[in-house]
Amino acid sequence: MPVSSLHSPKLRARAVSFIQFVHALEFMALTPLFVWMAIDLDVPPAYAGYAGAIYMGAAALSGVLASRWMHSAPLRGLLLIALLLLGLLTAMAAISTQFSFFLLLRMGAGLLGGFLMSAAMTLLLTDMDAKERTQAIAIVVSAFALVSVVGMPATLFIAVHAGWRSAMFVLAGLCLLACLIAWRYLPATPNSTIRPEHSTLGKSAWRWLSLPAIAQAGSLLLIPVLIPVLGLRYGTQPSQMPGIFILGGIAALFASRLSALGIKKWGEAFIADLGTLLLLLSLALLALAWGDAYIFMTLFMAGTYTRLVCASAWSAAYPTPSQRGRFMALQTTGNHVGSFIALAIPSLLLSDPPISSKSLNSLLILAAAVAIVLPLLMRRTRKGAEQSQPQKALPE
């Protein structure tokens with residue numbers, strides 16, 4: 001393959017999308033797999049929360065630490081090492097018999113995960129213009145949808161027919177495959193000539209850093225209780241859930257790709273407004289029990305992923321090439337912290353089973369209020385950037 005094609009934006013985006021797919025699946029699959037793990041590890045199934053919490057805490061810590069040295073690190077080499085180690089830790093988790101050792105392995109995976117996607121996204125977005133960044137980000141974000149449509153069903157199929165340990169070994173193999181793809185398609189961009197002072201972010205950077213986390217927060221408030229909530233509002237049966245989630249994943253996949261096309265024509269702010277309207281409409285349908293679970297999930301996932309693509313593309317315009325490594329590391333940390341908080345809130349509001357309509361409506365109002373923050377903040381970042389950096393090209 002010619003060297004020039006290795007640096008094609010689409011090829012790089014597809015490579016990073018696969019890395020994102022593997023990284024997300026390796027984390028997300030553990031929650032359903034823990035039903036079987038708990039038996040062999042001799043712990044209650046509810047202990048899955050400890051595994052998720054220690055992973056997110058370690059990922060947030062590693063993101064903060066990585067932001068201090070990523071500006072001068074050989075990113076591709078470290079990314080390859082991180083993927084190899086993640087595969088090793090996942091394989092070791094497949095043969096673990098003690099829950100304490102399993103938690104130690106998950107902490108190690110979190111430390112790698114906090115850096116892994118920061119490095120991959122930095123390598124991907126280097127030297128891209130605004131249009132290329134938007135298309136690349138849409139391709140990477142669509143990996144989350146593929147996790148729902150392909151990754152999770154396949155992982156659960158393997159677990160049911162061959163055991164959870166076999167599923168974990170397959171995940172470890174995917175990490176090694178991701179390592180080969182990263183070596184093949186991502187550029188070995190040297191960052192060692194960048195001076196630390198050139199990578200320092202401005203005081204207003206937090207607004208741009210927080211955009212993807214805020215874009216997801218309203219939706220994440222519902223994710224932990226989505227299955228019982230759909231049962232409460234629409235009488236959805238457990239047998240219907242796989243089809244509902246697959247439909248939601250397909251809607252997210254199409255929304256991600258269509259958002260990139262819409263941004264080229266109308267800009268991030270307008271498309272983010274449309275995504276917010278879709279999300280608010282889905283929340284209204286759920287609050288009033290109108291429609292059915294399939295309609296709700298289609299609108300909910302389409303709105304969520306439209307907002308995520310817009311927020312990611314918008315925020316990617318902020319850092320200079322010398323700032324991008326530090327910016328991506330801090331943004332990844334913010335995403336982990338924001339996700340942790342958003343996922344914990346439903347447990348506090350809906351702590352007394354069964355879920356009551358009053359407590360659910362309170363959660364839906366909170367989700368709607370958080371959703372409205374994104375379009376307001378996107379306009380605030382534009383206004384602030386125009387005042388402080390009039391010479392800098394901004395998203396349309």
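Residues numbered from 1 in each chain as written. Predicted model: local features only at pLDDT ≥ 70, side-chain atom pairs only at ≥ 80, totals over all residues. Heavy atoms only, no water.

## Concerning the environment of L279
What counts is decided by this rule: Under the DSSP-based scheme used, a helix requires at least four consecutive residues in state H or I and a strand at least two consecutive residues in state E, with every element numbered from the N terminus. Working rule for contacts: check all heavy atoms of both residues, and any pair within 4.5 Å makes them a contact.
Tracing the chain through its elements places L279 in helix α13 (residues 268-288). For the pair L279 and M297, spaced 18 residues apart in sequence, the C-alpha to C-alpha distance is 9.9 Å. Here L279 is in contact with S219, F300, G303, T304, R307 and A371, once residues within four sequence places are set aside.

## Here's the deal with helix α7 (residues 130-162)
This is how the line gets drawn: One fewer than the residue count of a helix, multiplied by 1.5 Å, yields its expected span. A residue's bend is simply the angle between two axes: one fitted to the seven residues ending at it, one to the seven starting at it. Polar contact is the term for a pair of N or O atoms within 3.5 Å; when the atoms are in protein, one must be able to donate a hydrogen and the other to accept it, and sequence-neighboring residues count only if both atoms are side-chain atoms.
A rise of 1.5 Å per residue sets the reference length of α7, with its 33 residues, at 48 Å; its end C-alpha atoms lie 46 Å apart and thus fit the reference within 8%. The largest bend along α7 measures about 50 degrees and falls at V147. Structurally, the start of α7 carries an N-cap: the backbone nitrogen of K131 is 3.2 Å from a side-chain oxygen of D129. Within two residues after α7, G163 carries a phi angle of roughly 100 degrees, on the positive side.

## Some remarks on helix α3 (residues 30-41)
Note: α-helices contain 3.6 residues per turn, so residues at a spacing of three or four share the same orientation. Short version of the rule: Exposure categories follow from relative accessible area, calculated using a 1.4 Å probe and restricted to protein chains: below 20% of the type maximum is buried, above 50% is exposed, and the middle band is partly exposed. In this context, the arc is that of the directions from the helix axis out to the C-beta atoms.
Its twelve residues place the ends of α3 only 14 Å apart at the C-alpha level, less than the 16 Å of an ideal helix rising 1.5 Å per residue. Within α3 the residues assigned to the buried category are L30, L33, F34, M37, A38 and L41. Around the axis of α3, the buried residues are gathered within 155 degrees of arc, so they sit on the same side. Those residues of α3 that are buried lie in contact with α2 (9-28), α4 (48-66), α6 (99-125), α7 and α8 (164-185). Once α3 finishes, D42 follows within two positions and takes phi at roughly 60 degrees, a positive value.

## Overview of a nonpolar patch on the surface
The condition that has to hold: Any residue with relative accessible area above 30% and no salt bridge may belong to a patch, with like charges joined within 9 Å and the nonpolar Val, Leu, Ile, Met, Phe, Trp and Tyr side chains within 5 Å. Under the convention used here, a 1.4 Å probe and the Shrake-Rupley method define accessible areas, while residue burial counts only the protein chains that appear. Counted as salt bridges are all cases of a side-chain nitrogen of Lys or Arg within 4 Å of a carboxyl oxygen of Asp or Glu.
Taken together, L61, L65, W69, F101, L104, M107 and L111 make up a surface patch of nonpolar side chains, about 610 Å² in accessible area. Broken down by secondary-structure element, the contributors of at least two residues to the nonpolar patch are α4 and α6. Its location among the elements puts L111 in helix α6.

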